[in-house]
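Spelled out, the chains give:
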Amino acid sequence: MGSRKRKAAVEVTNNVLGPEQYEVEKVLKKRTRKGKTEYLIKWLGYPSSSNSWEPSENLDAALLASIEEEAEKSDEYRYKFEEGFSVLKILAAKMENDEMMFLFQYRNTNEGEFVPAKIANVKFPQLVIEYYEGITLWTD
C-alpha cells in the first residue's frame, strides 16, 4: 500500500471504557485472512510498534473507499514475491470482482496471498501450468 497518509478516525469499542477514537496515519498493507480483508494500520501519534492489523469492518467507510480507489490507480502495493519471498506453489484460485486470483504459498512462511492471474501468468507461468495440471482430471 505504500506510505499513503490517511486522516480518518477509527472507532474501537472498549467494553469497559466505551468507544475510543484513533486517527489513522498510514495504511501500510492489505491482506486476506480466513476470507476477511485486514489492513495494517500505522496510528497517528503512536510508534510503529503499535501498528495493528484491523479488519475492514473496524475502519471508516470513507477510509476504505479511499484505500481501494488509490489501490486501483497505483501500483504501490508490493506482493511478497517482489519483496524477496520465494513462491513455493499455487494453492487455489478464485474469482474476485470478475478477476481470477491465485493463492500463492511462500517458502519459510505460513502466510499466503492472492495474486491476480494476469500477474501470475507472466511472472510464474510454470507454477500456473503446474497448478492447472494438478487440478485437471486425466482420463483415457
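Up top is the structure these notes are about.
Below or above, wherever it landed, is the structure these notes cover.

Conventions we followed
Residues numbered from 1 in each chain as written. Predicted model: local features only at pLDDT ≥ 70, side-chain atom pairs only at ≥ 80, totals over all residues. Heavy atoms only, no water. Buried < 20%, exposed > 50% of the residue type's maximum accessible area, 1.4 Å probe, protein only. Helix = DSSP H or I, 4+ residues; strand = E, 2+ residues; numbered from the N terminus. Arc of directions from axis to C-beta. Contact = heavy atoms within 4.5 Å. Pairing = 2+ DSSP bridges.

Some points on helix α3 (residues 125-135)
Along α3, the residues that are buried comprise Leu 127, Val 128 and Tyr 131. In a view along the axis of α3, the buried residues occupy a sector of 100°, so they form one face of it. Those residues of α3 that are buried lie in contact with β5 (87-96), β6 (99-106) and α2 (117-123).

Focus: the environment of Tyr 79
As for its placement among the helices and strands, Tyr 79 is situated in the loop between α1 (61-73) and β5. The buried category is assigned to Tyr 79, whose relative accessible area is 13%. Sequence separation between Tyr 79 and Lys 29 is 50 residues; the distance between their C-alpha atoms is 9.9 Å. Beyond its immediate chain neighbours, meaning those up to four positions away, Tyr 79 contacts Glu 113, Phe 114, Val 115, Pro 116 and Ile 119.

A closer look at unusual backbone geometry
The phi dihedral of Asn 97 is positive, around 55°, even though this residue is not glycine. A positive phi angle is found at Asp 98, which is not glycine, with a value near 60°. Relative to the helices and strands, Asp 98 resides in the loop between β5 and β6.

Considerations on the pairing of β5
When β5 meets β6, the two strands line up antiparallel, connected through eight bridges. Considered in β6, the bridge of Lys 89 is made with Gln 105. The antiparallel hairpin formed by β5 and β6 contains two residues in its connecting segment, where Asn 97 sits at a positive phi of about 55°.

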